[in-house]
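Below are the chains, spelled out letter by letter.
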Amino acid sequence: MYTGVTNDLKNRLYWHQHPEAIDKSFTSKYKCFYLIYFEHFDVIKTAIAREKQIKGWTR
């Protein structure tokens, strides 16, 4: 499972689906291609707090 914060979801999805050949990122290494769920926030601090909450869950 991958979780992250972005202000440009369309661009983020493009780069997840078209990683560079030499890319060493988590999403490239583990082939995270599909968006399963997203939440929209108007305040970045709220989005980051939610991301940290989700990352604190057990898998």
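Above this text sits the structure in question.
Reference entry: report on the structure contained in this document.

What counts as what
- Residues numbered from 1 in each chain as written.
- Predicted model: local features only at pLDDT ≥ 70, side-chain atom pairs only at ≥ 80, totals over all residues.
- Heavy atoms only, no water.
- Helix = DSSP H or I, 4+ residues; strand = E, 2+ residues; numbered from the N terminus.
- Buried < 20%, exposed > 50% of the residue type's maximum accessible area, 1.4 Å probe, protein only.
- Areas by Shrake-Rupley, 256 points an atom, 1.4 Å probe, with all protein chains shown as cover.
- Lys, Arg positive; Asp, Glu negative; His and termini not counted.
- Charge placed at Lys NZ, Arg CZ, Asp CG, Glu CD.
- Contact = heavy atoms within 4.5 Å.
- Patch = residues over 30% accessible without salt bridge, like charges linked within 9 Å, V, L, I, M, F, W, Y side chains within 5 Å.
- Salt bridge = Lys/Arg side-chain N within 4 Å of Asp/Glu carboxyl O.
- Phe/Tyr/Trp six-rings, centres within 6.5 Å; stacked < 30°, edge-to-face > 60°.
- Expected span 1.5 Å × (residues − 1).
- Arc of directions from axis to C-beta.

1. Considering the overall build of the protein
Point 1. Secondary structure assignment for the protein yields three helices and zero strands.
Point 2. If you line up the protein on its principal axes, its C-alpha atoms span 35 × 25 × 20 Å.
Point 3. For the protein, the proportion of its 59 residues judged to be buried stands at 10%.
Point 4. As displayed, the protein offers around 5500 Å² of accessible surface, 57% of which is attributable to carbon and sulfur atoms.
Point 5. The average position of the 10 basic charges and that of the 6 acidic charges among the side chains of the protein differ by 7 Å.

2. Some details on the environment of Trp15
Point 1. Along the chain, Trp15 turns up in helix α1 (residues 9–17).
Point 2. Residue classification places Trp15 among the partly exposed residues on the basis of a relative accessible area of 42%.
Point 3. As a C-alpha pair, Trp15 and Leu35 span 20 residues in sequence and 12 Å in three-dimensional space.

3. Focus: the environment of Met1
Point 1. Mapped onto the fold, Met1 is located in the segment before α1.
Point 2. Assessed through its relative accessible area of 60%, Met1 is described here as exposed.
Point 3. C-alpha separation for the pair Met1 and Cys32, spaced 31 residues apart in sequence, amounts to 8.0 Å.
Point 4. Leave out the neighbours within four places in its chain, and Met1 touches Phe26, Ile54 and Arg59.

4. Remarks on a nonpolar patch on the surface
Point 1. Side chains of Phe33, Tyr34, Ile36 and Tyr37 sit close together on the surface and give an oily, nonpolar patch of about 570 Å² of accessible area.
Point 2. Note on placement: Phe33 falls in the loop between α2 (26–29) and α3 (44–55).
Point 3. Take Phe33: its relative accessible area is 30%, and that puts it in the partly exposed class.

5. Notes on the packing of aromatic side chains
Point 1. Taken as a whole, this structure holds one aromatic pair when the rule is applied.
Point 2. Arranged with centres 5.1 Å apart and planes meeting at 85°, the rings of Tyr14 and Trp15 form a pair that is edge-to-face.
Point 3. Note on Tyr14: relative accessible area 40%, which makes it partly exposed.

6. Brief notes about α3
Point 1. Between its first and last C-alpha, α3 extends 16 Å over twelve residues, near the 16 Å set by a 1.5 Å rise per residue.
Point 2. All of the buried residues along α3 are Ala47, Glu51 and Ile54. Around the axis of α3, the buried residues are gathered within 65° of arc, so they sit on the same side. In α3, the exposed positions angled more than 90 degrees off the buried face are occupied by Lys45 and Lys52.

Worth remembering: the numbers are spatial, not functional.
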